[in-house]
Amino acid sequence: MRSRYSAFVVRDEPYLLRTWAPETRPGEVDFDPSLRWRGLEIRETTDGSAFHGQGTVTFVARFTHGGEEGALHERSRFTRHEGAWVYVDGDFVE
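Residues numbered from 1 in each chain as written. Predicted model: local features only at pLDDT ≥ 70, side-chain atom pairs only at ≥ 80, totals over all residues. Heavy atoms only, no water.

The subject of this paragraph is the packing of aromatic side chains. Tallied over the full model, the rule gives 6 aromatic pairs. With a centroid separation of 5.4 Å and an interplanar angle of 85°, the aromatic rings of W20 and Y87 are classed as edge-to-face. Linking W20 in the loop between α2 (13-18) and β1 (35-47) with Y87 in strand β4 (residues 84-92), this pair joins segments that are 67 residues apart in sequence. Across the pair, Y87 and W20 agree in class, each one buried. Where F78 meets Y87, the ring centres are 5.8 Å apart and the plane angle is 75°; that geometry is what we call edge-to-face. Members of the aromatic cluster, connected to one another through ring pairs, are Y5, F8, F31, W37 and F63. Positioned above the aromatic ring of W20 is the side chain of R4, whose terminal nitrogen or guanidinium carbon lies 4.8 Å from the ring centre. (Phe/Tyr/Trp six-rings, centres within 6.5 Å; stacked < 30°, edge-to-face > 60°. Helix = DSSP H or I, 4+ residues; strand = E, 2+ residues; numbered from the N terminus. Buried < 20%, exposed > 50% of the residue type's maximum accessible area, 1.4 Å probe, protein only. Lys NZ or Arg CZ within 6 Å of the ring centre and 35° of its normal.)

See below:
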């Protein structure tokens with residue numbers, strides 16, 4: 001999760017696509033040039049150890065967009081694909 005957040009910060013599309021599950025991976029990542037990521041807080045994790053095939057990460061990612069501060073609060077699902085953890089999808093948390 002932290003590496004994907006960092007990839008969003010620096011707009012590293014190849015890394016993001018490589019760490020996205022093939023069944024949910026988009027053709028490209030649409031970066032908003034006016035969005036600036038400001039910090040990541042991991043709130044909770046479930047499973048995800050070397051002994052698991054799936055796991056979740058609940059996080060809050062803070063950003064600034066058009067001079068306004070905001071936050072993305074999501075519970076992301078990850079799975080193993082060819083031995084590596086990949087992002088599947090996520091649900092927004094209120």
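What follows is about the sheet that holds β4. Sheet architecture is open: 4 strands sit in the order β1-β2-β3-β4, paired in antiparallel fashion. Every interior strand has two partners, whereas the edge strands, β1 and β4, have only one. Ignoring strand direction, the axes of neighbouring strands in this sheet form an average angle of 30°. Bridging between strand β2 (residues 54-65) and strand β3 (residues 68-81) involves 12 bridges; their strand directions are antiparallel. In the strand pairing of β3, T64 is matched with E69. Against the sheet, helix α1 (residues 2-10) touches β1, β2, β3 and β4, its axis set at about 170° to β1. (Pairing = 2+ DSSP bridges. Axes fitted to C-alpha atoms, helices over the stretch in contact; angles between N-to-C directions. Contact = heavy atoms within 4.5 Å.)

Linkage of β2 to β3, two consecutive antiparallel strands, is achieved through a turn of 2 residues, within which G66 is found at a positive phi near 60°. Counting the residues in the hairpin turn of β3 and β4 gives 2 residues, including E82, whose phi is positive at 50°.

With respect to the element layout, A71 can be found in strand β3. Separated by 33 residues in the primary sequence, A71 and R38 have C-alpha atoms spaced 9.3 Å apart. Not counting chain neighbours up to four residues away, the residues in contact with A71 comprise V60, A61, R62 and F63.

What follows is about the nonpolar core. Of all hydrophobic cores here, the largest spans 8 residues; its members are A7, L16, L17, W20, V29, V57, F78 and Y87. In this structure, W20 is in contact with R4, R25, P26, V29, V86, Y87 and V88, ignoring residues within four places of it in sequence. (Core = buried A, V, L, I, M, F, W, Y, C linked by side-chain atoms within 4.5 Å.)

Turning our attention to the side chain of E74. Structurally, E74 can be placed in strand β3. Here E74 sits buried without a salt bridge, and the closest side chain of opposite charge, R4, lies 7.5 Å off (N-O distance). Within polar-contact distance, the side chain of E74 engages the side chain of S76 at 2.6 Å. Within the structure, E74 has its side chain in polar contact with the side chain of Y87 (distance 3.1 Å). Not counting the four nearest positions on each side in its chain, E74 is found in contact with V57, T58, F59, Y87, G90, D91, F92 and V93. (Lys, Arg positive; Asp, Glu negative; His and termini not counted. Salt bridge = Lys/Arg side-chain N within 4 Å of Asp/Glu carboxyl O. Polar contact = N/O pair within 3.5 Å; in protein donor to acceptor, adjacent residues only side chain to side chain.)

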